[in-house]
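One letter stands for each residue in the lines below.
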Amino acid sequence: MGLMSESRLIARFRRWYGGLPTILVDGALAALVLLIQLWPFLSRENPHGGPWHWWGYAVVVVSAVPLIWRRRAPVLVLLAVCIPTGFYDLEEEVAAQPIWYTGLVALYTLAAYSSRWKRWIAFAFTLGGGLLIVGSAESGVRGTVQFVAAYAIGRAAAASRAHAAALEERAVQLAREREIEAERAAERERARIARDMHDILAHAVSVMVVQAEAGPVAVTSNPARAVAAFDAIAGAGRDAMHQLRRLLNVLKEEEGPRGPQPTIEGLPALADQVRSTGLHVTYSTTGSPGTLSPDTEVAAYRITQEALTNIVKHAGATRADIALTWQDHALMIDITDDGRGRDAALPSGGNGLIGIRERAAACGGTAELGPRPGKPGFRVLVRLPRAAS
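Scoring rules and cut-offs
Residues numbered from 1 in each chain as written. Predicted model: local features only at pLDDT ≥ 70, side-chain atom pairs only at ≥ 80, totals over all residues. Heavy atoms only, no water. UniProt positions renumbered as here; feature names shortened; annotations may be inferred. Helix = DSSP H or I, 4+ residues; strand = E, 2+ residues; numbered from the N terminus. Polar contact = N/O pair within 3.5 Å; in protein donor to acceptor, adjacent residues only side chain to side chain. Core = buried A, V, L, I, M, F, W, Y, C linked by side-chain atoms within 4.5 Å. Buried < 20%, exposed > 50% of the residue type's maximum accessible area, 1.4 Å probe, protein only. Contact = heavy atoms within 4.5 Å. Axes fitted to C-alpha atoms, helices over the stretch in contact; angles between N-to-C directions. Parallel < 35°, antiparallel > 145°, perpendicular 65-115°, else oblique. Left-handed = near helix turned anticlockwise from the far one by under 90°. Phe/Tyr/Trp six-rings, centres within 6.5 Å; stacked < 30°, edge-to-face > 60°. Lys NZ or Arg CZ within 6 Å of the ring centre and 35° of its normal. Lys, Arg positive; Asp, Glu negative; His and termini not counted. Salt bridge = Lys/Arg side-chain N within 4 Å of Asp/Glu carboxyl O. Pairing = 2+ DSSP bridges.

- If you check an unreviewed UniProt entry, the chain appears there as histidine kinase from Nonomuraea monospora.

Encoded structure:
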């Protein structure tokens, strides 16, 4: 529970932080860096006696304020930060600055947000200028390590953002492709249903009309034949109603065509398809495989598909595990992920989760959905009955 609460707090903080205006976030960062750079003046006494020289305060303030605009003009901000700090030691009565955080933040921002040539030129200028004015070899090595580290962290942050954007774009593209394919499949299905309804109704009505016309004639001359005619009318009506009911149930389905319907044999291919989005998916089966009814086969596939779709779209996960366990009288489907899970502030359920429960219940099974106890992520555990042998 502690890990889950912490994960939710982090997720909420990220959403809150991401919604703040950029200028406000960078302004707060500039204020924090300013306080850190001023701290040596506040925590140490001037060995020469008296207050510190105003020059030190001025350089610190002038170098920290430009960070407010660091993401708008990274190169200019880097210059505006590094040039004043290069003249800091012109006055002796200033507090020693162990680390110039203003320059590190500006260099990180340059690496994270600027184009390649701007990054390289500005980085070379900053590093070269720092080595020229450094006071000792030790300071030069320390400063070089700090600058290279800040630059590397900035590049890593840029790569992470680019990767996340690419995954999101790919997920949107795949969703759109599935929507288009679903629309096309729905068109084909509607045409097939129209043909089936025409054939069912034409056949049933023809049989009913012929038998109804022959019935009255046979009532007096051949009562047994009349009874058979009425039985045939009733049978044709029942058969037509049964077939029409099945077609109308198909119309309520949202996934597309009914045939050929997917089965659990298609789950490895489904895992491979989801794997193409960048999500690490594992698939395993234990126990002796048994027989499922056709509807249960379809439900097993669709439940797994819906769970994986929810993971890709909402969980922010890096891994998903699909485990099928064949028991004596049931098939257990256990799908877990390591994502952030559903936010507790949201209402329970949702179309996807409701659909999973309904599919399981329609086959005589059960579904347990919820966060993983003591671990990050979400779990879908479904029990589906095996067909009677």
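**Considerations on the UniProt feature "transmembrane region" (unreviewed entry) in the chain**
Here is step 1 of the chain: Using the residue numbers shown here, the UniProt feature "transmembrane region" (unreviewed entry) corresponds to residues 20-40, 52-69 and 120-137.
Here is step 2 of the chain: Within the segment residues 20-40, helix and strand shares are 90% and 0% respectively, and the terminal C-alpha atoms sit 31 Å apart.

**Thoughts on the side chain of Thr85**
Here is step 1 of the chain: Along the chain, Thr85 turns up in helix 4 (residues 74-86).
Here is step 2 of the chain: From its side chain, Thr85 meets the backbone oxygen of Val81 in a polar contact 3.3 Å long.

**A short note on the environment of Arg386**
Here is step 1 of the chain: Here Arg386 lies in the segment after strand 5 (378-385).
Here is step 2 of the chain: A polar side-chain atom of Arg386 sits 2.6 Å from the main-chain carbonyl oxygen of Gln327.

**Notes on the nonpolar core**
Here is step 1 of the chain: If you look at the biggest cluster of nonpolar residues, it comprises 33 residues, and the most contacted ones within it are Ile311, Ile333, Val380 and Val382.
Here is step 2 of the chain: Those elements giving two or more residues to this core turn out to be helix 9 (267-275), helix 10 (294-315), strand 2 (319-326), strand 3 (330-337), helix 11 (351-362) and strand 5.
Here is step 3 of the chain: In terms of residue count, helix 10 provides more of this core than any other element does, 8 residues in total.
Here is step 4 of the chain: Apart from the residues lying within four places of it in its own chain, the contact partners of Val380 are Ala307, Ile333, Asp334, Ile335, Ile356, Glu368 and Leu369.

**Description of the packing of helix 3 (residues 54-64) against helix 4**
Here is step 1 of the chain: For the pair helix 3 and helix 4, the least separation of the axes is 8 Å and the interaxial angle reads 165°. Viewed along their axes, helix 3 and helix 4 adopt a mutual orientation that is roughly antiparallel. Pair helix 3 / helix 4 crosses with left-handed handedness. Here helix 3 contributes Val59, Val62 and Ser63 to the contact with helix 4, which in turn contributes Ala80, Val81, Pro84 and Thr85.

**Some details on the packing of aromatic side chains**
Here is step 1 of the chain: Summed over the entire model, instances satisfying the criterion amount to 3 aromatic pairs.
Here is step 2 of the chain: Aromatic side chains Phe41 and Trp52 sit 6.1 Å apart centroid to centroid with 85° between the ring planes, which places their arrangement in the edge-to-face category. A residue pair is termed long-range when its members are at least 10 positions apart, and Phe41 in helix 2 (residues 22-43) and Trp52 in the loop between helix 2 and helix 3 qualify at 11 residues.
Here is step 3 of the chain: Its relative accessible area of 5% is what places Phe41 among the buried residues.
Here is step 4 of the chain: On the accessibility criterion, Trp52 (13% relative accessible area) is buried.
Here is step 5 of the chain: Members of the aromatic cluster, each reached through a chain of ring pairs, are Phe41, Trp52 and Tyr57.
Here is step 6 of the chain: Taking NZ or CZ as reference, Arg161 lies 4.4 Å from the ring centre of Tyr113, over its face.

**Digging into the side chain of Asp337**
Here is step 1 of the chain: With respect to the element layout, Asp337 can be found in strand 3.
Here is step 2 of the chain: Buried and unpaired, Asp337 has no salt bridge, with Arg372 as the nearest side chain of opposite charge at 6.3 Å.
Here is step 3 of the chain: Not counting the four nearest positions on each side in its chain, Asp337 is found in contact with Ile311, Ala315, Ala317, Arg319, Ala320, Arg372, Pro376, Gly377 and Phe378.

**As for the packing of helix 2 against helix 3**
Here is step 1 of the chain: Put simply, helix 2 and helix 3 touch, their axes get as near as 9 Å, and they point 160° apart. Taken together, the axis directions place helix 2 and helix 3 in an arrangement best described as roughly antiparallel. For the pair helix 2 and helix 3, the crossing hand works out as right-handed. Across from Ala30, Leu34, Gln37, Leu38 and Phe41 in helix 2, the residues of helix 3 making contact are Gly56, Tyr57, Val60, Val61 and Ala64.

**As for the pairing of strand 5**
Here is step 1 of the chain: Where strand 3 and strand 5 come together, 7 bridges link them in antiparallel fashion. Note that in strand 5 the partner of Ile333 across the bridge is Val382.
Here is step 2 of the chain: Taken together, the 6 bridges between strand 4 (residues 366-371) and strand 5 define a ladder with antiparallel strand orientation. In the strand pairing of strand 5, Ala367 is matched with Val382.
Here is step 3 of the chain: Following strand 4, the chain reverses through 6 residues before pairing antiparallel with strand 5; Gly374 in that reversal takes a positive phi of roughly 75°.

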